[in-house]
Amino acid sequence: MRKRTKMLAGLLAAVLAGGTLTGCGGSGSEGSGSSDKKDAGGEKVFNYSTGSVIVGLNPILDTSAPDNAAHNLICDALVRSVKAENNTSEIIPAGAETWDISDDGLTYTFHLHKDAKWSDGEPLRAQDYEYTLKLMADPETAATNAWLFDGVIENFGEALYDDGKKPEDIAVKAVDDNTLEIKIIHPASYFLELASSIYPVRQDKYEEWGEAYGSSADKIICSGPFEVDSWSQNTEFVVKRNENYWDAENVKLDKIVQKVIQEPATAVQAFINQEIDRVSTSDPNWGSQIEAAGISRTEVVPDSAPEFLMFNQKNEYLSNTKIRQALSASFDRQEFVDTLRDGQAFPIYSVMPDTMLIGETPYTEMVDGKNYFVKQLQDEVKDPKALLEEGLKELGKPADASQVTIRYASRGTNELSKKMAEWYKQTWETNLGIHVEIDMMEWNVMWEKIDAGDYDVAVGGWGPYYNEPSAILMLFDPENGYFNAEKMGWDNEDSKKFKELCDSAVNVVDEKEKAEIYLQAEELLVYNAVIAPEYLEQSPIYIANTVKNHPMSTNGMENWAAVDVEK
């Protein structure tokens, strides 16, 4: 197994303690808005609320959902993948004004804006992006999301895992100050989406501040449409228009304020009081009151970040496929969302959202719906308890489910997390006859335990960085995925076959053939219950009528440079 870099706890989509996801490509569920549109001499100020704090502003190390949302404000990636009208997304220029793709699809040449600058007025150069990617490829850096470029950029994985190459060997080169060339290993239709996550850092500041880079408002240099004004981690994060941004004259807002509000009801009430302009709630009673106020429009789009249970196969019982399948088959996903999400989510039976594409075609359409492996499993398993007892016999144990104890690690200690834990405990104890112990813990503690492999069952989630099945499947690569064998204990013939399939798919040009390979990989992952998909968020999002140019969609991130408010 290649030596992995140590990744920080704080998963993209799974950062919110309440179980609600805000993945890189997700629509999110945080309330937001503009409460003080006429303050400070008529400044346009957009305030929004979040239930999760920003861990840090270093885009190399800090990549939780709140962190990524902050980077989207203050950093200029090469391109941006942004939300667009009618539940669509699009790639737009950011640090790069234009880009060229070679005929063989293997060389990307990005042409930076000639007047692109950092917030202190220094030029933003191609060398900054080159430095950033080479820094990520250095195993000593322990860049959290470096694994995304393994198997994509030439020599990146070999450098990252110290496999015969050094960071300077990766195929990333500043041709001149305004031209960056990146060579990839195989044609990848999703590479531009992946490039939208390359947030640059500047070498002189990164070396000057060291580990303190991004730790406070005075230890960050910005390249995006906004720059940090102030930051109190548990209270609020304030950004102001970056006057040195290449497109500053077209940025509509003067300031954006993110307030940390832990209680969802408080955010909803603030929206009703017209103190904030966007809020999401799964509570139908709150929704009725919001609609009655007549101050907003409503949008409902599914999230792109699947929620799933993870089964740690280091546990003797969970090493058995039939026991894991019994756990997955024995709970009703529709009942789960009706009971715990007030119906403002929808159950999933594949780890792939239905919006996941291969080329221009939905993956699930390309495989004729055969990816709904949970439904297949539930149709086949009429008696999950009997299946569990078969698994016990295979382990050489008495077929007595009451002797089985499984620990459930909660992802937070708030009310929703408590209800979810109790629901699973009651469901599995009733339907399977096992004993379930609940380990209540804060989300960051749970991720530390996952990193250490110290759990039985835990709740995971992921907002994919690009819209193609490998963006989710590669998470579970037993060697180099985020949820690798060290974290999940999946280290057997199935995991090796899974890796072989995923590795082979990248070199397949025919989209139908590629889809069939992904289907085989997903079968190993979902039908064999290495994970158990749960649901996708689909809560109504209420946006004040005063907000303009702020579409919601399943994929992409907010284009804050275009958002406007009426004063």
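From a predicted model like this one, the values you see are computed outputs, not experimental measurements.

1. Regarding the overall build of the chain
Next, step 1: Across its full length, the chain carries 18 helices and 24 strands.
Next, step 2: Computed over the C-alpha atoms, the radius of gyration of the chain is 23 Å, within 12% of the 24 Å expected from 2.2 N^0.38 for a compact globule of 567 residues.
Next, step 3: Dimensions along the principal axes, computed over C-alpha positions, put the chain at roughly 70 × 60 × 40 Å.
Next, step 4: Buried positions account for 60% of the 567 residues belonging to the chain.
Next, step 5: In the chain, 69% of the contacts between residues at least 6 apart in sequence involve partners at least 24 apart.
Next, step 6: When the accessible surface of the chain is split by element, carbon and sulfur atoms take 43% of a total near 21000 Å².
Next, step 7: Computed over 52 positive and 97 negative side-chain charges, the inter-centroid distance for the chain is 2 Å.

2. Re the side chain of T50
Next, step 1: With respect to the secondary-structure elements, T50 resides in strand β1 (residues 45–50).
Next, step 2: Polar contacts involving the side chain of T50 include one to the main-chain amide nitrogen of S52, which spans 3.2 Å.

3. Focus on the packing of helix α17 (residues 493–505) against helix α18 (residues 511–527)
Next, step 1: As a packed pair, α17 and α18 sit with axes 9 Å apart at the nearest point and diverge in direction by 160 degrees. Taken as axis vectors, α17 and α18 run roughly antiparallel relative to one another. The hand of the α17/α18 crossing is left-handed. Listed contacts from α18 to D494, K497, F498, L501, C502, S504 and A505 of α17 are K514, I517, Y518, Q520, A521, L524 and L525.
Next, step 2: Its residues assigned to classes, the contact of α17 with α18 shows nine nonpolar, two polar and three charged.

4. Looking at the confidence of the model for the chain
Next, step 1: Confidence in the prediction of the chain, expressed as mean pLDDT, is 90, and 93% of residues score 70 or more.
Next, step 2: Scored below 50 in pLDDT, residues 1–40 shows 193 contacts in the model against residues more than four places distant or in partner chains.

5. Some words on the nonpolar core
Next, step 1: Within the largest apolar cluster, 174 residues are counted, with the highest numbers of intra-cluster contacts made by F110, W428 and F476.
Next, step 2: At nine residues, the largest contribution of residues to this core is made by α18.
Next, step 3: Contacts of F476, omitting those with residues within four sequence positions, involve F308, F483, M488, W490, F498, L525 and I531.

6. Observations regarding the pairing of strand β9 (residues 236–241)
Next, step 1: Bridge count between strand β8 (residues 226–232) and β9: six bridges; the pairing is antiparallel. Looking across to β9, one finds that S232 is bridged to E236.
Next, step 2: Taken together, β8 and the strand that follows it, β9, pair antiparallel across an intervening segment of three residues.
Next, step 3: As judged from the five bridges shared by β9 and strand β10 (residues 255–260), these two strands associate in the antiparallel manner. The partner of E236 across the bridge, within β10, is K259.

7. Some points on the sheet that holds strand β20 (residues 531–533)
Next, step 1: Strand order in the open sheet formed by five strands is β18-β17-β19-β13-β20, with mixed pairing between adjacent strands. Bordering the open sheet on either side are β18 (435–439) and β20, each of which pairs with just one other strand. Across the sheet, the mean angle from the axis of one strand to that of its neighbour is 30 degrees, orientation sign disregarded.
Next, step 2: Taken together, the five bridges between strand β17 (residues 405–409) and β18 define a ladder with parallel strand orientation. Within β18, the position partnered with R407 by the bridge is E437.

8. Describing the packing of helix α11 (residues 373–380) against α18
Next, step 1: For the pair α11 and α18, interaxial distance at closest approach is 9 Å and the crossing angle is 55 degrees. As summarised for this structure, α11 and α18 are arranged oblique, according to the angle between their axes. Crossing of α11 over α18 shows right-handed handedness. Taking contact as the criterion, the partners of F373, V374, Q376, L377 and E380 in α11 are, on α18, L519, E522, E523, V526 and Y527.
Next, step 2: Split by residue class, the contact of α11 with α18 holds six nonpolar, one polar and three charged.

9. Examining the environment of I543
Next, step 1: Along the polypeptide, I543 turns up in strand β22 (residues 541–544).
Next, step 2: The buried category is assigned to I543, whose relative accessible area is 0%.
Next, step 3: Placed 246 residues apart in sequence, I543 and R297 show a C-alpha to C-alpha distance of 5.4 Å.
Next, step 4: Beyond its immediate sequence surroundings of up to four residues, I543 is in contact with F271, D277, R278, S296, R297, E299, H550 and M552.

10. Some remarks on the packing of aromatic side chains
Each aromatic ring pair is summarised here by two numbers: the centre-to-centre distance and the angle between the ring planes.
Next, step 1: All chains considered together, the criterion is met by 26 aromatic pairs.
Next, step 2: With a centroid separation of 6.3 Å and an interplanar angle of 85 degrees, the aromatic rings of W231 and F237 are classed as edge-to-face.
Next, step 3: The class of W231 is buried, set by a relative accessible area of 16%.
Next, step 4: Aromatic rings pair up to connect W147, F308, W447, W462, F476, Y482 and F483 into one cluster.
Next, step 5: In this structure, R333 is placed above the aromatic ring of F331, and the distance from its NZ or CZ to the ring centre is 3.8 Å.
Next, step 6: Across from the ring centre of Y372, 5.7 Å away, lies the NZ or CZ of K375, which sits over that ring.

11. Observations regarding α18
Next, step 1: With 17 residues, α18 extends 23 Å from end C-alpha to end C-alpha; this agrees with the ideal 24 Å at 1.5 Å per step.
Next, step 2: Of all the residues in α18, the buried ones are K514, A515, I517, Y518, L519, A521, E522, L524, L525, V526 and Y527.
Next, step 3: Sitting at the amino-terminal end of α18 is D510, which places a side-chain oxygen 3.3 Å from the backbone nitrogen of K512.
Next, step 4: Downstream of α18 by one or two residues, A529 has phi in the positive range, about 60 degrees.

12. With respect to the sheet that holds strand β6 (residues 172–176)
Next, step 1: Taken together, four strands build an open sheet; the order of strands is β4-β5-β7-β6 and the sheet is antiparallel. Each of the sheet's edge strands pairs with one partner strand only, and the pair in question is β4 (96–101) and β6. Each strand of the sheet is rotated relative to its neighbour by a mean of 20 degrees, with strand direction disregarded.
Next, step 2: Inspection of the sheet shows β6 paired to strand β7 (residues 179–183) by four bridges, in the antiparallel sense. By the bridge assignment, A174 is partnered in β7 with L180.
Next, step 3: Helix α2 (residues 126–136) contacts β5 (107–112), β6 and β7 of the sheet and is inclined by roughly 165 degrees relative to β6.

What counts and how
- Residues numbered from 1 in each chain as written.
- Predicted model: local features only at pLDDT ≥ 70, side-chain atom pairs only at ≥ 80, totals over all residues.
- Heavy atoms only, no water.
- Helix = DSSP H or I, 4+ residues; strand = E, 2+ residues; numbered from the N terminus.
- Rg over C-alpha atoms; globule rule 2.2 N^0.38 Å.
- Buried < 20%, exposed > 50% of the residue type's maximum accessible area, 1.4 Å probe, protein only.
- Contact = heavy atoms within 4.5 Å.
- Areas by Shrake-Rupley, 256 points an atom, 1.4 Å probe, with all protein chains shown as cover.
- Lys, Arg positive; Asp, Glu negative; His and termini not counted.
- Charge placed at Lys NZ, Arg CZ, Asp CG, Glu CD.
- Polar contact = N/O pair within 3.5 Å; in protein donor to acceptor, adjacent residues only side chain to side chain.
- Axes fitted to C-alpha atoms, helices over the stretch in contact; angles between N-to-C directions.
- Parallel < 35°, antiparallel > 145°, perpendicular 65-115°, else oblique.
- Left-handed = near helix turned anticlockwise from the far one by under 90°.
- Nonpolar A, V, L, I, M, F, W, Y, C, P; charged D, E, K, R; others polar.
- pLDDT = per-residue confidence, 0-100.
- Core = buried A, V, L, I, M, F, W, Y, C linked by side-chain atoms within 4.5 Å.
- Pairing = 2+ DSSP bridges.
- Phe/Tyr/Trp six-rings, centres within 6.5 Å; stacked < 30°, edge-to-face > 60°.
- Lys NZ or Arg CZ within 6 Å of the ring centre and 35° of its normal.
- Expected span 1.5 Å × (residues − 1).

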